[in-house]
Amino acid sequence: MEHFPIVDMGKLNTEERTSTMELIKDACENWGFFECVNHGISIEMMDTVEKLTKEHYKKCMEQRFKEMVASKGLEGVESEINDLDWESTFFLRHLPASNISEIPDLDDDYRKVMKEFAEKLEKLAEELLDLLCENLGLEKGYLKKAFYGSKGPNFGTKVSNYPPCPKPDLIKGLRAHTDAGGIILLFQDDKVSGLQLLKDDKWIDVPPMRHSIVINLGDQLEVITNGKYKSVMHRVIAQTDGARMSLASFYNPGDDAVISPASTLLKENETSEVYPKFVFDDYMKLYMGLKFQAKEPRFEAMMKAMSSVEVGPVVST
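Residues numbered from 1 in each chain as written. Predicted model: local features only at pLDDT ≥ 70, side-chain atom pairs only at ≥ 80, totals over all residues. Heavy atoms only, no water.

**Focus on unusual backbone geometry**
Note the cut-off: To qualify as a helix, a DSSP run of H or I must reach at least 4 residues; to qualify as a strand, a run of E must reach at least 2; elements of each kind are numbered from the N terminus. When accessible area is computed with a 1.4 Å probe and restricted to protein chains, residues below 20% of their type maximum are described as buried, those above 50% as exposed, and intermediate ones as partly exposed.
Here the bond from Leu 95 into Pro 96 is cis, since omega is 5°, no more than 30 degrees from zero. For Pro 96, the location among the structural elements is in the loop between strand E3 (88-95) and helix H3 (108-136). Its identity is not glycine, yet His 211 carries a phi of approximately 65°, on the positive side. Turning to its location among the elements, His 211 is positioned in the loop between strand E8 (202-205) and strand E9 (213-217). Its identity is not glycine, yet Asn 226 carries a phi of approximately 55°, on the positive side. Given the relative accessible area of 13%, Asn 226 is considered buried.

**Thoughts on the side chain of Thr 20**
Basically, it comes down to this: The contact criterion used throughout is that any non-hydrogen atoms of two residues lie within 4.5 Å.
Mapped onto the elements, Thr 20 comes out in helix H1 (residues 17-30). Owing to a relative accessible area of 4%, Thr 20 belongs among the buried residues under this scheme. Ignoring sequence-local partners within four residues, the contact set of Thr 20 consists of Val 7, Asp 8, Lys 11 and Leu 12.

**Considering helix H7 (residues 280-290)**
As a reminder, the rule being used: Note that the arc is defined by the directions from the helix axis to the C-beta atoms.
For H7, every residue scored as buried is listed here: Phe 280, Tyr 283, Met 284 and Tyr 287. Buried residues of H7, seen end-on, are gathered within an arc of 100° and therefore sit on one face of the element. Relative to its buried face, H7 has exposed residues pointing more than 90 degrees away, namely Lys 285, Met 288 and Gly 289.

**Looking at the packing of aromatic side chains**
Definition in use: Only rings of Phe, Tyr and Trp enter the pairing, Trp through its six-membered ring, and a pair is recorded when the two centres are within 6.5 Å. The plane angle decides the type: under 30 degrees is stacked, over 60 is edge-to-face, the rest tilted.
One pass over the full model with this rule turns up eight aromatic pairs. On the basis of an interplanar angle of 65° and a centroid distance of 5.9 Å, the ring pair of Phe 117 and Phe 187 is categorised as edge-to-face. With Phe 117 in helix H3 and Phe 187 in strand E6 (residues 183-188), the pair connects residues that are 70 residues apart, well separated along the chain. Here Phe 117 matches Phe 187 in class, with each residue buried. With a centroid separation of 6.1 Å and an interplanar angle of 35°, the aromatic rings of Phe 147 and Tyr 251 are classed as tilted.

**Looking at the environment of Ser 193**
Mapped onto the secondary structure, Ser 193 falls in the loop between E6 and strand E7 (195-199). Residue Ser 193 is classed as partly exposed on the basis of its relative accessible area, which comes to 33%. For the pair Ser 193 and Gln 239, spaced 46 residues apart in the sequence, the C-alpha separation amounts to 8.1 Å.

**Let's talk about the nonpolar core**
Put simply, the rule reads: Buried Ala, Val, Leu, Ile, Met, Phe, Trp, Tyr and Cys residues that are joined via side-chain atoms within 4.5 Å together make up what is termed a nonpolar core.
Phe 34, Met 114, Phe 117, Leu 128, Ile 171, Ile 183 and Leu 185 are the most contacted members of the largest nonpolar core, which totals 80 residues. For this core, the element with the most residues is H3, which contributes 14 residues. Those residues within four positions of Leu 185 in sequence are excluded, and the remaining contacts are Leu 121, Leu 124, Ala 125, Leu 128, Ile 213, Val 214, Ile 215, Leu 247, Ala 248 and Ser 249. Within the second largest apolar cluster, 16 residues are counted, among which are Phe 4, Tyr 162, Leu 174 and Leu 186.

**Some details on the sheet that holds E3**
Test applied: For two strands to pair, DSSP has to find at least two bridges joining them. Geometry is summarised by axes, namely lines fitted to C-alpha atoms with helices restricted to the contacting stretch, and by angles between N-to-C directions that run from 0 to 180 degrees.
Spatially, seven strands are ordered E1-E2-E9-E6-E11-E4-E3 in an open sheet, and the strand pairing comes out mixed. The open sheet has two free edges, formed respectively by strand E1 (6-8) and E3, since each of these has just one partner strand. Sheet twist, expressed as the mean angle between neighbouring strand axes with direction ignored, is 25°.

**Some words on the sheet that holds strand E10 (residues 234-236)**
Spatially, E5-E10-E7-E8 is the arrangement adopted by the four strands of the open sheet, whose pairing is antiparallel. The sheet is open, and its two borders are formed by strand E5 (174-177) and E8, each paired with just one other strand. Averaged over all pairs of adjacent strands, the angle between strand axes in this sheet comes to 25°, irrespective of strand direction. For E5 and E10, the ladder comprises two bridges, and the chain directions are antiparallel. Paired with His 177 across the bridge in E10 is His 234.

**Quick word on the pattern of salt bridges**
As a reminder, the rule being used: Take a side-chain nitrogen of Lys or Arg and a carboxyl oxygen of Asp or Glu: if they are within 4 Å of each other, that pair is a salt bridge.
Taken as a whole and assessed by the stated rule, the structure comprises 23 salt bridges. Between Lys 158 and Glu 87 there is a salt bridge; the shortest N-O distance is 3.3 Å. Placement of Lys 158 in strand E4 (residues 154-162) and of Glu 87 in the loop between helix H2 (43-72) and E3 is noted, with a sequence separation of 71 residues between them. Neither residue differs from the other here; Lys 158 and Glu 87 are each classed as buried. Between Asp 200 and Lys 199 there is a salt bridge; the shortest N-O distance is 3.3 Å. For Asp 200, a relative accessible area of 59% translates into the label exposed. Relative accessible area serves as the criterion here: at 9%, Lys 199 is assigned to the buried category. Among the ionic contacts, a cluster of salt bridges with common partners joins Asp 47, Glu 50, Lys 54, Asp 189, Asp 190, Lys 191 and Arg 210.

Put into structure tokens, the structure is as follows:
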């Protein structure tokens with residue numbers, strides 16, 4: 001069995017840089033996922049984020065979740081549930097403007113550390129995008145620029161808790177999907193597993209590893225690389241024992257960013273565009289209604305829209 005790719009970013013500054021870059025390349029081409037260690041975010045910060053996230057769930061979210069379960073009669077379900085997920089979530093927006101100060105029920109310490117954590121993740125996301133550029137033969141900063149639009153990227157964190165589930169065979173923690181955006185950075189529970197990706201038609205566990213950051217590629221990177229890199233279906237399996245914490249941070253294009261296959265890659269491979277050109281917000285509007293379906297019809301719909309309306313460039317100011 002193939003081993004899930006684990007990238008030691010500390011090796012990028014050693015004689016093992018070449019083999020580390022090759023590992024990232026293989027992960028992007030064949031997995032759509034990899035796990036980062038020695039990523040530059042301190043253990044102390046990660047431990048504080050985990051502690052305060054779990055405390056916040058217990059204090060502010062757990063009772064609400066139990067009331068939702070009771071109101072929908074979910075503990076007694078007899079058949080598979082396909083229209084909701086066994087998760088308790090809230091969303092923090094960091095860019096282009098933060099909403100952390102507006103979220104109710106967050107302690108000041110939690111707000112402060114989440115803001116600092118987001119700044120570290122933003123830096124890591126941009127570092128990873130440049131590593132992808134290097135592997136793809138694109139100029140440094142190409143992907144950041146492609147995501148920029150007129151106001152910069154969208155960046156936010158979905159804070160999720162997956163409580164113990166009495167019927168995990170009938171209710172998913174999170175139904176299978178690909179992510180719509182750019183690059184996703186996940187800080188997940190290292191004690192309770194549940195995240196799986198689809199590879200070669202088999203569901204494979206993403207191993208919980210203490211203080212790692214799991215990286216996965218979104219649909220926009222598949223488009224920009226004209227299919228060289230793939231976004232991959234993944235899901236969360238609910239567990240009967242233990243609550244699983246998940247902080248998924250999405251570094252996405254700006255709303256008005258125009259996304260299309262990189263011309264450099266098309267020329268190098270002497271291939272025509274097989275992916276569409278579109279405004280990111282238009283794709284998101286389509287995605288919101290089709291998130292839990294295959295990505296290919298979304299790309300096809302954008303291709304049809306492109307053929308009827310030419311998408312113009314956005315000039316950064």
